[in-house]
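Residue-level listing of the chains:
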Amino acid sequence: MGVDVLTKCIHLEKESRENFYGAVSFPIFQTATFAHPSVGNSTGYDYSRLQNPTREHLEKMVAALENGVDALAFSSGMAAITSLMELFRPGDHLIADTDLYGGTVRLFDNISEKNGIEVTKIDCSPENVRKCIKDNTKAIYIETPTNPMMNVIDITALSEIAKSRGIWLIVDNTFLSPYFQNPLDLGADIVVHSGTKYLGGHNDTLAGFLVTSDVSISEKLRFIIKTTGAGLAPFDSWLILRGIKTLGVRMEKAQENAFEIVHWLKEQEEVLKVIYPGLETHPGYEVMRKQSRGFGAMITFEVTSKEFALGILKNVRLIQFAESLGGVETLITYPVTQTHADVPKKLLDKNGINERVLRLSVGIEAGRDLIAEFERVFEKVREELLDREES
Ligand SMILES: *Cc1c(COP(=O)(O)O)cnc(C)c1O
């Protein structure tokens, strides 16, 4: 038994301190290249595109948190997914869930297709996936819970199918972070993270990760990062390292706030639907309980009209109307015009993403203040809509 995940966020099991004067905070090695002691000798580092000590320390940290053999740090989540797609060649086929981060859909539709990789988008239930596997299928690509509709996918069930067919299961674990969920432990082959979100946690740095439990995949990815060059810079690596130290306490507090907000929203007349996998009524609740240690802090809700949704966005103050998630600040997003603007209309309709749907990334402010903000905003929107009716 290893240490608790709260401790893992702060300490690597084997930390080397001897070279750095006992520095408690890992140093930033702001260097592009490394001098060689002699011909044929290396300090272990040659050039920062290949590897840099700060990035390496971060990668070890993320690998430890995901129980992987290796993690690679990229300049953004999309850089990580773009590099991941270099594992495939023209003629390969992928199965992807219909409800994915909008940027991932844009990548698959516009870049991967052009490169000859065919992507079939389906609801990734085990039955559907089994039916869609073809001779050239190489991988299944999912997020769970999905963005923004919070559908829960059974990782173990899919990993069993993937293993039986000799293909990879790839899981984007951004929404729960390694604090709440470890897909590799459930049989996934590769885990994706937008480190910009919970791992960094402060809405101040872009980063992305690929983590694997398979040495042969890790070797391929090491070759790709060295060759294509989207590795994370030393200073940004350090910022993410600093963010990770508080990952556990942030996740706990954000989840506690999320539950408070979910209960408040459910009481409001203008809220038609609250989608949060921590609700026992959520269809994915039992699977979540089995495969994760928490439910996260992402809430999607639908209000009675587009006008009410726009009214909320106009009147928020403490809560900010901004894309992104996973930071200490509570953010509200309008998926139809922001994160999912480039997702085809047909797919949006199918997933139930309409003009009445809002997505919340709950931060770590005092729950009481967030509720007070919602009370003020809802009151204001009610008044405004009433005034409009009367005039
Ligand atoms: C944000 C996000 C990404 C993309 O990451 P960037 O760091 O913004 O490039 C990928 N997947 C999910 C689930 C995300 O939320």
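Our structure's up above, just so we're on the same page.
This one's a predicted model, so the numbers in the text were calculated from it and none came from an experiment.

What counts and what doesn't
- Residues numbered from 1 in each chain as written.
- Predicted model: local features only at pLDDT ≥ 70, side-chain atom pairs only at ≥ 80, totals over all residues.
- Heavy atoms only, no water.
- Core = buried A, V, L, I, M, F, W, Y, C linked by side-chain atoms within 4.5 Å.
- Buried < 20%, exposed > 50% of the residue type's maximum accessible area, 1.4 Å probe, protein only.
- Helix = DSSP H or I, 4+ residues; strand = E, 2+ residues; numbered from the N terminus.
- Domains from an automatic or database assignment.
- Contact = heavy atoms within 4.5 Å.
- Near = heavy atom within 4 Å.
- Polar contact = N/O pair within 3.5 Å; in protein donor to acceptor, adjacent residues only side chain to side chain.
- Areas by Shrake-Rupley, 256 points an atom, 1.4 Å probe, with all protein chains shown as cover.
- Pairing = 2+ DSSP bridges.
- Axes fitted to C-alpha atoms, helices over the stretch in contact; angles between N-to-C directions.
- Left-handed = near helix turned anticlockwise from the far one by under 90°.
- Nonpolar A, V, L, I, M, F, W, Y, C, P; charged D, E, K, R; others polar.
- Salt bridge = Lys/Arg side-chain N within 4 Å of Asp/Glu carboxyl O.
- Phe/Tyr/Trp six-rings, centres within 6.5 Å; stacked < 30°, edge-to-face > 60°.

Time to look at the nonpolar core. Residues I299 and I312 are the most contacted members of the largest nonpolar core, which totals 104 residues. For this core, the element with the most residues is helix α10 (residues 247-266), which contributes eight residues. Split by domain, the residues of this core number at least three in each of domain 1 (5-245) and domain 2 (247-390). Sequence-distant contacts of I312, that is, excluding residues within four places in its chain, are made with F301, V303, I332, L358, V377, F378 and V381. I95, I133, I142 and I153 belong to the second largest nonpolar core, which has 17 residues in total.

Contacts to the ligand come from S76, G77, M78, Y101, E143, D172, T174, S194, T196, K197, A207 and L325. At 2.9 Å from an oxygen atom of the ligand is found a side-chain nitrogen or oxygen belonging to S194. A distance of 2.6 Å is found between an oxygen atom of the ligand and a side-chain nitrogen or oxygen belonging to T196. Burial of the ligand by the surrounding chains reaches 93%, relative to a free accessible area of 380 Å².

The subject of this paragraph is the sheet that holds strand β4 (residues 137-143). What the seven strands build is an open sheet, ordered β1-β7-β6-β5-β4-β2-β3; its pairing is mixed. Of all the strands in the sheet, the pair left with one neighbour each is β1 (70-74) and β3 (118-122). Going from strand to strand, the sheet's axes swing by 20° on average, the running direction of each strand aside. Looking at chain direction, strand β6 (residues 190-194) and strand β7 (residues 208-212) are connected through five bridges and run antiparallel.

To continue, consider helix α12 (residues 306-315). What α12 keeps buried is the set F308, A309, G311, I312, L313 and N315. Tucked into the core, α12 has its buried residues touching β9 (298-303), β10 (320-321), β11 (331-333), β12 (357-361) and α14 (367-390).

Another point: the packing of α10 against α14. Helices that pack against each other are described as a pair by the angle of their axes relative to one another and the distance between those axes. At a minimum axis separation of 9 Å, α10 and α14 run at an interaxial angle of 30°. The crossing of α10 and α14 is right-handed. Side by side, α10 and α14 meet where K253, N257, E260, I261, W264 and L265 of the first sit next to G367, R368, L370, I371, F374, E375 and F378 of the second. Its residues assigned to classes, the contact of α10 with α14 shows seven nonpolar, two polar and four charged.

Tallied over the full model, the rule gives 18 salt bridges. Across the pair K138 and D92 runs a salt bridge, and its minimum N-O distance is 3.4 Å. Highlighted residues: K138 in strand β4 and D92 in the loop between α3 (77-85) and β2 (93-97), separated in sequence by 46 residues. On the accessibility criterion, K138 (35% relative accessible area) is partly exposed.

Turning our eyes to something else, we now look at the packing of aromatic side chains. All chains considered together, the criterion is met by 15 aromatic pairs. Centroid distance F259 to Y276: 5.2 Å. Interplanar angle 85°. Geometry classified as edge-to-face. Note that F259 is positioned in helix α10 and Y276 in the loop between β8 (271-275) and α11 (285-291), a separation of 17 residues in sequence. Classification of Y276 as buried rests on a relative accessible area of 0%.

On to the side chain of S324. Residue placement: S324 occurs in the loop between β10 and β11. On the basis of relative accessible area, S324 is assigned to the buried category, the value being 18%. If we ignore the near neighbours within four places in the chain, the residues touching S324 are K197, N203, L331, T333, R359 and S361.

Ordered in space as β8-β9-β12-β11-β10, the five strands form an open sheet in which the pairing is mixed. Taken across any chain shown, the strands that pair with only one partner, and hence form the sheet edges, are β8 and β10. Taken together, the two bridges between β10 and β11 define a ladder with parallel strand orientation. Its bridge partner being in β11, F321 is matched across the sheet by I332. Its contacts with the sheet put α12 on β9, β10, β11 and β12, and the angle it makes with β9 is roughly 130°.

Spatial relationships are all this shows, so hold off on functional conclusions.
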